Amino acid sequence: MPRIFGSNIMLREYKIEDLPCLRAWVNDPEIVDNLSDIFLHAHSLNETERFLQMVLEGTSETQKHFVIADIQTEEYIGQIDIIKLDWKNRIATMGIVIGKKHLLGKGLGAEAIKLLESFVFDRLNLNKLELSLRDYNKRAYKCYLKCGFVEEGRSRQAFYINGHYTDVIFMGILKEEYNKLRDLQK
């Protein structure tokens, strides 16, 4: 899979050298509380190594994985992954994490999403990119709206965290919506 270049970042392949960067955020509650239940418990070094090895082997036809990296240094910033690819219905489900807290709110996540949208719609010719998030993740919600996603629905009180229930929001962007946004930005 080729690298994808933006203004400030690139989406690149994972490398074995990314392991310390993954370990730096994988057990940080400030980061993982916004992610899926796979981060419900602390992750061991072996679990992180297994994930990285699975990605490096690249054997899944239903997943595609990219590191979000600095365009100049190729340094790991985070990752953006297609965690489910439905070829029949032409839908991809994405997940994203910025693993360096000092880089949150700098627009790098939005840039990564826009690069992934181009990959999904222009290269893979899919029809829809979708995701889910918790309703308390206001920063991500604003970012997704900025990238053209629309709220498609909610599952009320479907996620339990830190002693209370919260809604899960489902968002998506269609290829036709992506094309309109791209044409407006030209």
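Reading the values: the criteria
Residues numbered from 1 in each chain as written. Predicted model: local features only at pLDDT ≥ 70, side-chain atom pairs only at ≥ 80, totals over all residues. Heavy atoms only, no water. Helix = DSSP H or I, 4+ residues; strand = E, 2+ residues; numbered from the N terminus. Rg over C-alpha atoms; globule rule 2.2 N^0.38 Å. Buried < 20%, exposed > 50% of the residue type's maximum accessible area, 1.4 Å probe, protein only. Contact = heavy atoms within 4.5 Å. Areas by Shrake-Rupley, 256 points an atom, 1.4 Å probe, with all protein chains shown as cover. Salt bridge = Lys/Arg side-chain N within 4 Å of Asp/Glu carboxyl O. Disulfide = S-S within 2.5 Å. Pairing = 2+ DSSP bridges.

S.K.: For the overall build of the protein chain, give the residues involved together with the corresponding values.
M.R.: When its secondary structure is counted, the protein chain shows six helices and eight strands. Secondary structure elements of the protein chain, listed N to C terminal, follow the sequence β-β-α-α-α-β-β-β-α-β-α-β-β-α. Over its C-alpha trace the protein chain gives a radius of gyration of 16 Å, about what one expects of a compact globule, namely 16 Å for 186 residues. Referenced to the eigenvectors of the C-alpha coordinate spread, the extents of the protein chain come out at roughly 45 × 40 × 35 Å. Buried residues in the protein chain amount to 43% of all 186 residues. Long-range pairs, those at least 24 residues apart, make up 61% of the contacts in the protein chain with a sequence separation of at least 6. Surface accessibility of the protein chain: about 10,300 Å² in total, with carbon and sulfur atoms responsible for 51%.

S.K.: I'd like a description of the pattern of salt bridges, backed by residues and values.
M.R.: Tallied over the entire structure, the rule returns 12 salt bridges. One salt bridge connects Glu74 with Arg3, and the closest N-O pair in it is separated by 2.8 Å. On the criterion of sequence distance, the pair formed by Glu74 in the loop between strand S3 (64-70) and strand S4 (76-86) and Arg3 in the segment before strand S1 (4-5) is long-range, its members being 71 residues apart. The salt bridge involving Glu75 is made with Lys100; its shortest N-O contact spans 2.7 Å. Residue Glu75 is located in the loop between S3 and S4, and its partner Lys100 is located in the loop between strand S5 (91-98) and helix H4 (108-123); the two are separated by 25 residues in the primary sequence. Overall, Glu75 belongs to the partly exposed group, its relative accessible area being 42%. A residue is classified by how much of its surface remains accessible, and Lys100, at 19% relative accessible area, is buried.

S.K.: Account for the state of the cysteines, with residues named and values stated.
M.R.: In this structure the tally under the stated criterion is zero disulfides. Cysteine Cys143 remains unbridged, with the sulfur of Cys147 as its closest cysteine sulfur at 4.4 Å.

S.K.: Account for the pairing of S5, naming residues and giving values.
M.R.: Counting buried positions along S5 yields six of eight residues, so the element is predominantly enclosed. Direction of pairing for S4 relative to S5: antiparallel, over a ladder of eight bridges. The residue bridging Leu85 from the neighbouring strand is Ala92, located in S5. The pairing of S5 with strand S6 (residues 128-134) spans three bridges and is classified as parallel. In the sheet register, Ala92 faces S6, and the bridge partner there is Leu129.

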